[in-house]
Each structure stands twice: as structure tokens, then as C-alpha cells.
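Structure assessment
The primary structure of each chain is shown beneath.
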Amino acid sequence: MRRYAHIRGWGKYVPERVMTNDDLARIVDTNDEWIRSRTGIAERRIVGETDTTTSMAVKAAIEALSMADCDPSTVELIVVATMTPDRVMPATATAVQDVIGADRAAAFDLGAACSGFVYAYSVASQLVSSGAYKNALVIGAESMSHILDWNDRATCVLFGDGAGAFYLEANESPGGMLAFELGSDGSGGELLTGPTVGNSYKPLCGPDLKLQALEMNGRAVFRFATKIMGKAADAAIQEAGLTREDIDLFIPHQANIRIIESAARQLKLPMEKVYVNIHRYGNTSAASIPVAFVEAVEEGRLKRGDNVVVVGFGGGLTWGAAVVKWVAEPVPVESSGARVARNWFRYQRARIGSFQNRMGHVVDEWIETGARIVAKQKRRRE
Ligand code: UT7
């Protein structure tokens, strides 16, 4: 029996702090007219003192799980796509696992830059539809503002922060991801780079060990993006056994409105079939597609049975496209009191569980240290 990974829950989180183009013009030599006309961006969200990549990922994940009324202790897999983890190690996904109380979940991060969510969604979808896992949480979360050079007007005006999540569940009826197309071209790696560790880190960082900021050859990435988006989308559409005419909504990576319009032209899709929210958030890297997808659903742009194409591209160079059959049941807008209470209980339980686990590690450490001391004393006596 063939299985499908249905999207049963979806959620997003963007930081409260809004940074407009005029705000940026006070920091670097730029202006609202240039940014809007060259990129389509009007404002972006920037993490404040309290938001982190993990906290945004958690908020998006909880929203997705709550929508599906899913108990986090039943989640079997968590994949977080990010290039701005709070730490290189441990993975953001394991922090999410702990906070939400997903005691049974495998958890790992996946790095494919701005294509990260399409990669993570493809991997998780395959693991669910193969029968390896019954469900999965896929998250794209980024704090891009932490890796930007705020003196470089060519990059700092483009990016923003946020997170989006899908909760996938195995189902026997057709739906969810029908096909995907992933690709890479490492020869273009130097066109878009971020912070480094290891040998390449040493000469790049100054004496204060400041991380290297994001650097980009904008025109080259622009050329690459306009070439690859249509091609990748076409490949996924063909793999799904569909044609361009079957596509109801196109949700591209929100990097530049001119790139989006070029991809729509290549695919011969009218702009009414293209979802755009770049004016609100800028380029949120791996969070851009899930945030846009969630907003498209919230705005009623999808109805049951619609075929959706998502396409991402970014550093690596990498790209990814997927065709999704939207079969989710309409979700009640208002949460019932019982659901709110259930969620409250679930996340309180997660906090207590996390505390107990942490105490368990401390107690294990005490026991081991005690045993070592006793063994040492015994050896001395002998
Ligand atoms: O997720 C993937 C990540 N990256 C991307 O998708 C980026 C793809 N590339 C792009 O979106 C575009 O190449 C940019 C938006 C980055 C740049 O747009 P462009 O039309 O390619 O501009 P440009 O780099 O050719 O620069 C044109 C002019 C330059 O001045 P001169 O040399 O013509 O005098 C730049 O110095 O615009 C200047 N410029 C700016 N002016 C005002 C560059 N950035 C700014 C700025 N404000 N923020």
C-alpha cells in the first residue's frame, strides 16, 4: 500500500520588530525607492533580544502541532533547515525536541541555505511515505540578521528573520508531496558564503574572532536564480506527471520580486497564481517558503485538491522544487477551550520532562563522580 505524507499542521513565527527601508537608510547609504524597485522589499522582521533561531522554530512548530491537535510526545522525526543555528552544535532540532517534549523523536539540522526547507521537506516526506516514520515535523528557521554585515548595503537590505513549520503525517490517500527535484552546483559556492569554522575560519576572522558575515555576488546569484527556478519547477511538475496548466499556486523562495516574476514568465504562469510576501519579510532564507505557504493558506489561496509548486534556490549553490497536492481539511479558526487546555498541559509536561531529564544528567554525573572517588580511595587503601 503506497503511503503519502500529508501536511496536517502548519505554523509560522516572525519577530515583532519591524525594520523598514527608511530605518535602513539611516544605517547605510540606501533608500526606499532603490530597495523597493530592485527587490520588492518594503520591510523585514528582525530578532530582538529574546528571539533566537530555536525559539522561533519552537513557536512555528507548536503552532503546526496545535493545528493538527498532535501530542508532541508522538512526533517521530524533527528536521530543522537553517544556516543560522544558535550553535553549530548541538543541532537546533534537538533543542526544539527538548522544548516541545518530543521524547521519541530523532532530530537533526539540514543545511542547504535558502533551498533548505525544500530539501528538509523532501527528506522528511520520503521518510514518512516510505513507512520509516509515521510523522515528522519540518521547520525552516533563520536569524539572518546575526550574520549580516550592517555596513554592506548590497546585502543587509535583503534579508530578514523568521520561521515556518509543517507537521507531516502518513496517510494512504494521495496527497502531500507528489514529486521533488533537488540539485547543487558547488562550483558556485564562493558566490554566496556565510560564517565559517575550521581552517578557513582562521584567516577570515579578525583578532576579535568576529565571525565572517554573509557575502554575496548579487548579480551572479541573480543570473543563477533566473536560470534555475523555471527549470527546477518544470522538472518537478513533470516528475509528478502534471503539466504547467495543472498548477494552481506557485510559491517561490522570496528573494527578489524580479526573480519571482522572471520564474513566473518562464513557467507561463500569471502573477495571480504566484504567492508573494517579500514586501513584508524580505528574504528569510530557509524560512521563506514555509512562511509564504502558511500565509497563502491563511489568506484562503488554497482549496482542497489544488496543486502547489514550491521552488527554492540559494547558497551552495543549491536548488529544490516540489509539487504538493493540498488535501488538508479546513481547520477551525478559533481554538476550542479544550484544545487550549490540552496544549497547555502538553507543554507544561514537556517543561517538567525536560527539567527531569536535565536533573537525570546531573544525578548521573554525581553518581559517577562518587563512584570514582570511592574506587580511588579503595585503590589507595590497597
Ligand atoms: O536567497 C538567495 C540570496 N540572494 C539573492 O537572491 C540575490 C540575487 N541578487 C539580487 O537580488 C540583486 O542582484 C540585488 C538586489 C542584490 C542587486 O540588484 P542589482 O539590480 O543586481 O544591482 P547591482 O548589484 O547591479 O547594483 C546596481 C547599483 C550599484 O551602483 P553602481 O555601481 O551602478 O553605481 C550598487 O552599488 O546599485 C548600487 N546598490 C545600491 N544602491 C542603493 C547596491 N545596493 C544598494 C542599496 N541601495 N542597498
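The rules behind each value
Residues numbered from 1 in each chain as written. Predicted model: local features only at pLDDT ≥ 70, side-chain atom pairs only at ≥ 80, totals over all residues. Heavy atoms only, no water. Helix = DSSP H or I, 4+ residues; strand = E, 2+ residues; numbered from the N terminus. Buried < 20%, exposed > 50% of the residue type's maximum accessible area, 1.4 Å probe, protein only. Pairing = 2+ DSSP bridges. Axes fitted to C-alpha atoms, helices over the stretch in contact; angles between N-to-C directions. Contact = heavy atoms within 4.5 Å. Phe/Tyr/Trp six-rings, centres within 6.5 Å; stacked < 30°, edge-to-face > 60°. 1 Å grid on protein atoms, 1.4 Å probe; cavity = no way out; pocket = protein on both sides within 12 Å on 5 of 7 lines; lining within 4 Å. Points joined across faces, edges and corners; volume = space filled by probe spheres on them. Nonpolar A, V, L, I, M, F, W, Y, C, P; charged D, E, K, R; others polar. Domains from an automatic or database assignment. Buried area = accessible area lost by both parts, 1.4 Å probe. Salt bridge = Lys/Arg side-chain N within 4 Å of Asp/Glu carboxyl O. Near = heavy atom within 4 Å. Polar contact = N/O pair within 3.5 Å; in protein donor to acceptor, adjacent residues only side chain to side chain. Areas by Shrake-Rupley, 256 points an atom, 1.4 Å probe, with all protein chains shown as cover. Sits in = over half its atoms within 2 Å of the grid points.

**Points about unusual backbone geometry**
- Backbone torsion omega between Met-89 and Pro-90 reads 0°, so that peptide bond is classified as cis.
- Position of Pro-90 among the secondary structure elements: in the loop between strand 4 (77-81) and helix 4 (92-100).
- Even without a glycine there, the phi angle at Asp-69 is positive, about 50°.
- Its location among the elements puts Asp-69 in the loop between helix 3 (53-67) and strand 4.
- Since its relative accessible area comes to 24%, Asp-69 is described here as partly exposed.

**Observations regarding the sheet that holds strand 4**
- Spatially, 5 strands are ordered 1-7-6-4-5 in an open sheet, and the strand pairing comes out mixed. In this open sheet, the two strands that pair with only one neighbour each are strand 1 (4-13) and strand 5 (106-110). Adjacent strand axes in the sheet meet at a mean angle of 20° when their direction is disregarded.
- Each of strand 4, strand 5 and strand 6 (135-143) is contacted by helix 4, which is oriented at about 130° to strand 4, the strand it contacts most.
- Lying on the sheet, helix 11 (residues 288-298) is in contact with strand 1, strand 6 and strand 7 (161-171); it crosses strand 1 at an angle near 95°.

**Comments concerning the packing of aromatic side chains**
- Per the counting criterion, the structure on display carries 8 aromatic pairs.
- Note on Phe-224 and Phe-313: the rings are 6.2 Å apart at their centroids and 75° apart in plane angle, and the pair reads as edge-to-face. One end of the pair, Phe-224, is in helix 8 (residues 218-239); the other, Phe-313, is in strand 12 (residues 307-314), with 89 residues separating them in the sequence. Comparing Phe-224 with Phe-313 shows no difference in burial state: the two are buried.
- Taken together, the ring pairs connect Trp-10, Phe-117, Tyr-121, Phe-166, Phe-293 and Trp-326 into an aromatic cluster.

**Comments concerning empty space enclosed by the protein**
- As enumerated under the stated definition, the model contains 1 cavity of 30 Å³ or more in all.
- In this structure, the largest cavity occupies an estimated 30 Å³ of space.
- Around the largest cavity, the lining residues are Ile-237, Arg-244, Ile-247, Phe-250, Leu-267, Leu-269 and Val-309.
- Looking at side-chain class alone, the lining of the largest cavity contains 6 nonpolar, no polar and 1 charged residues.

**Regarding the domain arrangement of the protein chain**
- Assigned domains of the protein chain: these are domain 1 (4-325) and domain 2 (337-382).
- One C-alpha centre belongs to domain 1, the other to domain 2; they are set 36 Å apart.
- Contacts between domain 1 and domain 2 engage 13 residues on the former and 9 residues on the latter.
- Buried area between domain 1 and domain 2, summed over both chains or domains, comes out near 920 Å², and the portion from carbon and sulfur atoms is 36%.
- On the domain 1 side of the contact with domain 2, Ser-66, Asp-69 and Asp-98 bury the most area, a combined 49% of that side's loss.
- If you look at where domain 1 meets domain 2, you find 4 salt bridges.

**Things to note about the pattern of salt bridges**
- Applying the stated criterion to the full structure yields 18 salt bridges.
- A salt bridge links Arg-8 to Glu-169, with the nearest nitrogen and oxygen atoms 2.9 Å apart. In this pair, Arg-8 is assigned in strand 1 and Glu-169 in strand 7, connecting sequence segments 161 residues apart.
- Judged by its relative accessible area of 33%, Arg-8 falls in the partly exposed class.
- For Glu-169, a relative accessible area of 24% translates into the label partly exposed.
- Linked through salt bridges whose partners overlap, the residues forming this network are Lys-12, Arg-280, Glu-295, Glu-298 and Glu-299.

**Remarks on the site of the ligand**
- Neighbouring the ligand are 23 residues; Thr-30, Arg-38, Arg-219, His-253 and Asn-256 lie closest to it.
- Side-chain polar atom of Trp-34 to an oxygen atom of the ligand: 3.2 Å apart, as the coordinates give it.
- Within the side chain of Arg-219, an N or O atom sits 2.6 Å from an oxygen atom of the ligand.
- Relative to its unbound accessible area of 950 Å², the ligand is 76% covered by the protein chains.
- Counting atoms within 2 Å of the grid points, the majority share of the ligand lands in the second largest pocket.
- When contributions to the shell around the ligand are tallied by element, the ones reaching two or more residues are helix 2 (32-39), helix 6 (153-156), helix 8 and helix 9 (257-266).
- In terms of residue count, helix 8 provides more of the shell around the ligand than any other element does, 4 residues in total.
- Residues that form the shell around the ligand fall into these classes: 12 nonpolar, 6 polar and 5 charged.

**A few points about the layout of surface pockets**
- The computed volume of the second largest pocket comes to approximately 650 Å³.
- In terms of lining, the second largest pocket is formed by 27 residues, of which the most central are Trp-34, Ala-154, Leu-158, Met-216 and Gly-218.
- Considering each element in turn, the lining of the second largest pocket owes the most residues, 4 residues, to helix 8.
- Looking at the lining of the second largest pocket, its residues break down into 13 nonpolar, 9 polar and 5 charged.

**Focus: the sheet that holds strand 12**
- Pairing is mixed in the open sheet, where 4 strands are placed in the order 8-13-12-11. Either end of the sheet is taken by a strand with one partner, and the two such strands are strand 8 (176-184) and strand 11 (249-252). Put simply, the sheet's adjacent strands are angled 15° from each other on average, direction ignored.
- When strand 12 meets strand 13 (residues 318-325), the two strands line up antiparallel, connected through 8 bridges. Residue pairing in the sheet places Phe-313 in a bridge with Trp-319 of strand 13.
- Running over the sheet, helix 5 (residues 116-129) touches strand 8, strand 12 and strand 13 and is turned about 130° from strand 8.

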